[in-house]
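# Fold and geometry: a report
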Amino acid sequence: MANSPRIKAILGPTNTGKTHYAIERMLAHRTGIIGLPLRLLAREVYDKIVALRGPSVVALVTGEERIVPPRAQYWVCTVEAMPPGMGCDFLAVDEIQLCADPERGHVFTDRLLNARGLHETLFMGADTMRGVIADLLNPVEFIRRERLSELTYAGSKKISRMPARSAIVGFSVDNLYAIAELLRRQKGGAAVVMGALSPRTRNAQVEMYQNGDVDFLVATDAIGMGLNLDVNHVAFSATEKFDGRRMRPLMPNELAQIAGRAGRHMSHGSFGVTGEAAPLDEGLANAIMNHQFAPIKKLNWRNDRLEFGTAEALIRSLEAAPTDERLIKAREADDLGVLKTLTALPHVRDQIRNANDVRRLWDVCRIPDFRGISHGEHSGLLEKIFGFLQDVNRVPDDWLARQVKRIDRTDGDIDTLSKRLAYIRTWTYVAQRKGWLDDESHWRGVTRAVEDRLSDALHGALTQRFVDRRTSVLLRRLKQKEGLVAEVNDKGEVLVEGQFVGKLEGFRFSQDKSSTPDEAKTLRAASLQALAPEFHLRADRFYNAPDTEIDFTEQGGLMWGEHALGKLVAGSDPLKPQVEAFVDEEAGPDVAQKVTRRLQHFIDRKVATLYEPLLAMSKDETLTGLARGFAFRLVENLGIIPREQIAGEVKDLDQDARGALRKHGVRFGQFTIFMPLLLKPAPTRLRLVLWSLSKGLGEFPESPPPGLVTIPVDTSAPEGTDSMSGYRNAGERAIRIDMLERLADLLRTEDSRGGFEATPDMLSITGMTLEQFAALLTGLGYKAEKGEREKVKAAPQVAEPKAEDAPAAEEAKAEEAAPEGDAAADVPANAEAQKDTASEEAELEVFYTFTWAPKARNNRRPQRDGDKPRGKPSGKRGKPGGKKGGKPQGAKSFQARPPKKEKAIDPDNPFAAALMGLKDQK
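Here is a short report on the structure shown in this document. (Residues numbered from 1 in each chain as written. Predicted model: local features only at pLDDT ≥ 70, side-chain atom pairs only at ≥ 80, totals over all residues. Heavy atoms only, no water.)

## Considerations on the overall build of the protein chain
If you tally the helices and strands in the protein chain, you get 32 helices and 34 strands. The proportion of buried residues among the 922 residues of the protein chain is 46%. In the structure as shown, the protein chain presents an accessible area of about 46600 Å², 50% of it carried by carbon and sulfur atoms. (Helix = DSSP H or I, 4+ residues; strand = E, 2+ residues; numbered from the N terminus. Buried < 20%, exposed > 50% of the residue type's maximum accessible area, 1.4 Å probe, protein only. Areas by Shrake-Rupley, 256 points an atom, 1.4 Å probe, with all protein chains shown as cover.)

As structure tokens, this is what we get:
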């Protein structure tokens, strides 16, 4: 017996997270192996680890299944299939209390005594193993795990009164089938889970239960071995089982292992009895509730140091007695019984010539009796397989193909399919043995495909026999209406005897108004026959629908496609809205709860996704003092606050506080404090709904069309609508707050006291005409004075004279160079004509001059970070000048009609010099 200081025993009742803890510890190491008591549980754990680390590094090894990628680091196995001498950093064995099991206990005991990880070893199981583990493995570290939820005894209940989400446990196939049949008639159906099922069939049945297609589970004690199910109540239909040799009562710890499956995580559970099972003794019930059981003192043991010199030596080594008083010799297992039977046959003895033959015979004897046939039949099959291996060193392909072909049929009832599934497990096991077949990979694929087909067929047969979705409690309450045929078509129309009686819209039934009162009552009662199962089916489909199929309206409605399923209502916090589902009372509380839960999940995820920056800031523990208070204000205002509302608080923030807030995307604008990411269309649409809910508005304002820089101001909208929409009111139009800040950056460079004109960049940002821009700035506190002036045209470009025009060009140059007096004679007439032409061609343009002119009640503009207090906006200053030095140089003279500017004289005009002379004489 090996001792190691690195051994830990994680002990406690069910629902303590022991297996989950073991998975976490294994993944913390570079390599690891975990042994589990059931093939079903091994597959479940394998799927979990694959989801976390990918299939390329995870292996699954059971008697009938072997998935081993080339770079496997983590091995998930049944305890019997754990490869010896793996040398992994981590090793774990689950349900270690099975050391005391009469049939399989010796395997678990061997792992307890001999299996070790290089760095860490875990044994998980019941607390009843503490004493014997301490004696055998000293030193060992014990970790006690407490149950996460309470377990209570509920006494005896009839199956007809069994609460939903219950598991009824039995220990014979006939008993289980009878219970499932009764549940089909009374409760609409049940899923069936037995250890003999393949993982594929078991998973399909469990999925049907987990999805809510059925509310009841009929199972053997296989559910006690760590299978995770949403069970609220466990009812025992019997408390005795056949252990392979005799009927015996279940031990208290065995009952507790099964009863403990009630309740998941923090959800409480209950257990009791039903059918012919007698109520549990008070002391036994208390022991199960308090997890108090007699400690296990003896472990089943079989010698692991086998001798393969001869068959007799092998049998002697298998029958050796333990030398430790805490170990008891295991009863004769099936493999040892078959070994004795085969070695007694003369022709088999003649085939055993050396130790390798003895090893091969022992490997054949270890093929489990999946079929549950007699000892003689099972021994006969193994005799034939051993003969093939000895004669031709393999199992012949043609013989194996005939065995598989006889099984590869999906017709027949449940019992027939179950037998075929058990038979194929034998050949699946044979295909997993190395060196027994010419093409192991081919036969593994063939047997797995047959098992999958049989598994699907068995699931279909179980569902067809034990599930009737049309049956429910509501139908039985209307027995007098059973003669009426009612249905719901794909359009949601409810038909009774082929006649339209109403329509199902979402989860609300709208009855046809044309019927008389007496007829309406009868038709509604009949329509419920169709609606009762439809409500549940529709609720299941909705619960599993992706978020992309669900949406909220701008008035707070919640839609599933075209159906209104509920509405949003105010919660304790603007970012935590609640839902109110639209579900008819006749649908029942389960449907209403399922619809409500799904809608709540949707809106919670929507808020978390669209307001992630805001929520992250609210959870930032590094924000303290004024910064934390400011963050609270921002969260409270859904990420947007007009600056004038918190000017004092902004002023009090130091640069460190502002920097901390800026790291979360907060922008301190001149007009608004906001988070730019929350201005996008989707957060804006949701913000208006959340804000309207928190304000208790009867009608919610709609969000602006996306992409618009300015929008018309709705004077009838509630105060604050503009900010929540991401805009700021400025007269008759409102401008998007982020674009307003860009505009403010440009305005700050202008002389707002002396006056300035709009630049192309300003008009480009707003997308406005000059008149609209003037109205916008007026709304922002500026004064706009309108004027007209002669539009300055760009100077025309004179083309170079062509060759044929050379004489005329020379003449023009000559005239230009002539003395002033010579040209003067012709100038007056030409000048007058020039002036007339300029007058006719003059084009006026409208312009605005803007100056800061805040209203009396608010004589200082909003300020940005770092601004010095002042009464007017800053900007470029003109130099002193003008009359009496009172008006800055560059200031404009404002008139109703500014004087026209004379048209500039074209310097390329040959009469330019003469015209300039006339101008000087005036």
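Resuming the write-up.
## A closer look at the packing of aromatic side chains
Here the structure, examined in full by the defined rule, presents 13 aromatic pairs. Arranged with centres 5.0 Å apart and planes meeting at 50°, the rings of Phe542 and Trp560 form a pair that is tilted. Of this pair, Phe542 sits in helix H18 (residues 517-543) while Trp560 is found in strand E24 (residues 557-560), placing the two residues 18 residues apart along the sequence. A residue is classified by how much of its surface remains accessible, and Phe542, at 0% relative accessible area, is buried. The rings of Phe756, Phe773, Tyr782, Tyr848, Phe850 and Trp852 are connected pair by pair, giving a single aromatic cluster. The cationic tip of Arg165 hangs over the ring face of Tyr209; the distance from NZ or CZ to the ring centre is 3.9 Å. One residue, Arg371, lies across the ring of Tyr423, its end atom 5.1 Å from the ring centre. (Phe/Tyr/Trp six-rings, centres within 6.5 Å; stacked < 30°, edge-to-face > 60°. Lys NZ or Arg CZ within 6 Å of the ring centre and 35° of its normal.)

## Details of the side chain of Glu95
The residue Glu95 is located in the loop between strand E6 (90-93) and helix H3 (105-114) in this model. Salt bridges are absent for the buried Glu95, whose nearest opposite-charge side chain, Arg261, sits at 4.3 Å. (Lys, Arg positive; Asp, Glu negative; His and termini not counted. Salt bridge = Lys/Arg side-chain N within 4 Å of Asp/Glu carboxyl O.)

## Comments concerning the environment of Leu531
Mapped onto the elements of the fold, Leu531 is located in helix H18. A residue is classified by how much of its surface remains accessible, and Leu531, at 0% relative accessible area, is buried. When the C-alpha atoms of Leu531 and Val494 are compared, they prove to be 8.0 Å apart, with 37 residues separating the residues in sequence. For Leu531, the contacting residues outside a window of four places in its chain are Val488, Val494, Leu504 and Phe509. (Contact = heavy atoms within 4.5 Å.)

## Focus on helix H7 (residues 252-259)
The set of residues buried in H7 consists of Leu255, Ala256, Gln257, Ile258 and Ala259. Tucked into the core, H7 has its buried residues touching strand E9 (151-156), strand E10 (166-169), strand E13 (233-236), strand E16 (269-273) and helix H8 (282-290).

## Remarks on the sheet that holds strand E11 (residues 191-193)
The sheet built from 6 strands is open, its strands ordered E9-E16-E13-E10-E12-E11 with parallel pairing. Two strands lie at the open edges of the sheet, namely E9 and E11, each paired on one side alone. In this sheet, adjacent strand axes meet at a mean angle of 25° when their direction is disregarded. As paired strands, E10 and strand E12 (residues 216-219) are joined by 4 bridges and run parallel to one another. Bridge pairing in E12 places Val169 opposite Ala219. Along the sheet face, helix H5 (residues 173-187) touches E10, E11 and E12 and points at about 170° away from the line of E12. (Pairing = 2+ DSSP bridges. Axes fitted to C-alpha atoms, helices over the stretch in contact; angles between N-to-C directions.)

## So, the sheet that holds strand E2 (residues 32-36)
Read across the open sheet, the 8 strands follow the order E4-E3-E5-E2-E6-E7-E1-E8; overall the sheet is mixed. Strand pairing shows two members of the sheet lacking a second neighbour, strand E4 (66-67) and strand E8 (141-144), which therefore form its edges. Alignment of strand E1 (residues 7-11) against E8, held across 4 bridges, turns out to be parallel. If you follow Lys8 over to E8, its bridge partner there is Glu141.

## Looking at the environment of Glu383
Structurally, the position occupied by Glu383 is in helix H13 (residues 375-391). Distance in space between the C-alpha atoms of Glu383 and Thr341 is 9.5 Å, their sequence separation being 42 residues. Discounting residues that sit within four places of it in the chain, Glu383 has contacts with Leu342, Leu345, His347 and Val348. Here His347 takes part through its side chain, which lies 2.6 Å from a polar atom of the side chain of Glu383. (Polar contact = N/O pair within 3.5 Å; in protein donor to acceptor, adjacent residues only side chain to side chain.)

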